[in-house]
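Reading the structure
One letter stands for each residue in the lines below.
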Amino acid sequence: MNYDYLRHHFLDLLVDIVNTDTNVVLLCIILVASIIVLDALSTYAKEKRIAAGVNRSIKERKQILPDLKPLSSRNYVSDMQGLAGNPDGLVSENGFIIPIEVKPLAKKIRDRYVAQLLVYMRLVEEFEGKKPPYGYLILGKKARKVKIYNSEKRQAWLQYYLDQMRDFVDKNEPLKPLPSKSKCQRCNVRHRCNFQMTESASLSPTHRSLKIAQSNEFSDPSDTTH
Ligand code: SF4
């Protein structure tokens, strides 16, 4: 291949580019720009998905749970219990399948996280054939691992709320709201809610006794290990 031959082809190429239809060039620019935008959106969505704890892949779970060896997660649907759930992870420890729930934005343990994990423990017992003695909550950016024991006391606490929810659905019983100042201040529907708690309001005796029962349930330091 000599120099003149290459130069000839290079000049031909330049002429072709100059003569290319402007619309084709514009189309190419739009296509490249679209690919860049889609790629940026996909990366952004993936970051948000990981932060929110939705549908993590095994690779992502391993990044979050470096000292655990996650199994493939499962989507449990129990007609018998009327419960369904998809734990963020499952690990095998001492012959038990242990469910994991990851809350990357959480700063502390909340009742609803514990309730979610207790539901997973019921589902794992039904579908994996053995009652898990505990589950893990992974909290905050530093992935603090908290062991939540599957105690009868906790399951009874969960059952209380499940019964309430089922009563409401089955018998159309009136809702029993449990307002709190901090919750109501941030609630999106507070302007339409007759139960919202304002700065000056205080808990009713019923609400107070329920709150005390809940706080006693979770104040036992021997029942969780960090
Ligand atoms: S404003 Fe009403 S719905 Fe919202 S948290 Fe308070 S009690 Fe619940």
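Look up: the structure comes first, before these words.
First, a word on scope: everything that follows refers to the structure included in this document.

What counts and how
- Residues numbered from 1 in each chain as written.
- Predicted model: local features only at pLDDT ≥ 70, side-chain atom pairs only at ≥ 80, totals over all residues.
- Heavy atoms only, no water.
- Patch = residues over 30% accessible without salt bridge, like charges linked within 9 Å, V, L, I, M, F, W, Y side chains within 5 Å.
- Areas by Shrake-Rupley, 256 points an atom, 1.4 Å probe, with all protein chains shown as cover.
- Salt bridge = Lys/Arg side-chain N within 4 Å of Asp/Glu carboxyl O.
- Helix = DSSP H or I, 4+ residues; strand = E, 2+ residues; numbered from the N terminus.
- Buried < 20%, exposed > 50% of the residue type's maximum accessible area, 1.4 Å probe, protein only.
- Near = heavy atom within 4 Å.
- Nonpolar A, V, L, I, M, F, W, Y, C, P; charged D, E, K, R; others polar.
- Expected span 1.5 Å × (residues − 1).
- Core = buried A, V, L, I, M, F, W, Y, C linked by side-chain atoms within 4.5 Å.
- Contact = heavy atoms within 4.5 Å.
- Pairing = 2+ DSSP bridges.

1. Re a nonpolar patch on the surface
- Together, F10, L11, L13 and L14 line one region of the surface with nonpolar side chains, adding up to about 390 Å² of accessible area.
- By the secondary structure assignment, L14 is in helix α1 (residues 3-19).

2. Focus: unusual backbone geometry
- At N94, a residue that is not glycine, the phi angle is positive and equals roughly 50 degrees.
- Within the element layout of this structure, N94 appears in the loop between β4 (89-93) and β5 (96-103).
- Overall, N94 belongs to the exposed group, its relative accessible area being 72%.

3. Structural notes on the site of the ligand
- The environment of the ligand is formed by P179, C184, C187, V189, R190, C193, F195 and Q196.
- Taken together, the residues that form the shell around the ligand break down as 6 nonpolar, 1 polar and 1 charged.

4. A closer look at helix α5 (residues 152-171)
- Spanning 20 residues, α5 covers 27 Å between terminal C-alpha atoms, matching the ideal 28 Å at 1.5 Å per step.
- Phi turns positive, to about 55 degrees, at N172, one or two residues after α5.

5. Remarks on the pattern of salt bridges
- Tallied over the full model, the rule gives 3 salt bridges.
- A salt bridge links E128 to R74, with the nearest nitrogen and oxygen atoms 3.0 Å apart. In this pair, E128 sits in helix α4 (residues 111-128) while R74 sits in the loop between β1 (70-71) and β2 (76-78), placing the two residues 54 residues apart along the sequence.
- The exposure class assigned to E128 is partly exposed, which follows from its relative accessible area of 30%.
- Between K103 and E101 there is a salt bridge, with its nearest N and O atoms 3.2 Å apart.

6. Remarks on the nonpolar core
- Counting 23 residues, the largest nonpolar core has L137, I148 and L158 as the members making the most contacts within it.
- Listed by contribution, the elements that provide at least two residues to this core are α4, β6 (134-139), β7 (144-149) and α5.
- Examining the composition of this core, we find that 10 residues originate from one element, α4, more than from any other.
- Dropping the residues within four chain positions of it, L158 is found in contact with A115, L118, V119 and R122.
- Core analysis: the second largest hydrophobic core is formed by 7 residues, V91, V102, Y134 and Y136 among them.

7. Here's the deal with the pairing of β4
- Taken across its 5 residues, β4 has 4 buried, putting it largely inside the fold.
- Sheet analysis places β4 next to β5, joined by 5 bridges and oriented antiparallel. Pairing of E93 across the sheet is with F96, part of β5.
- Count of turn residues in the β4/β5 antiparallel hairpin: 2 residues, of which N94 carries a positive phi of about 50 degrees.

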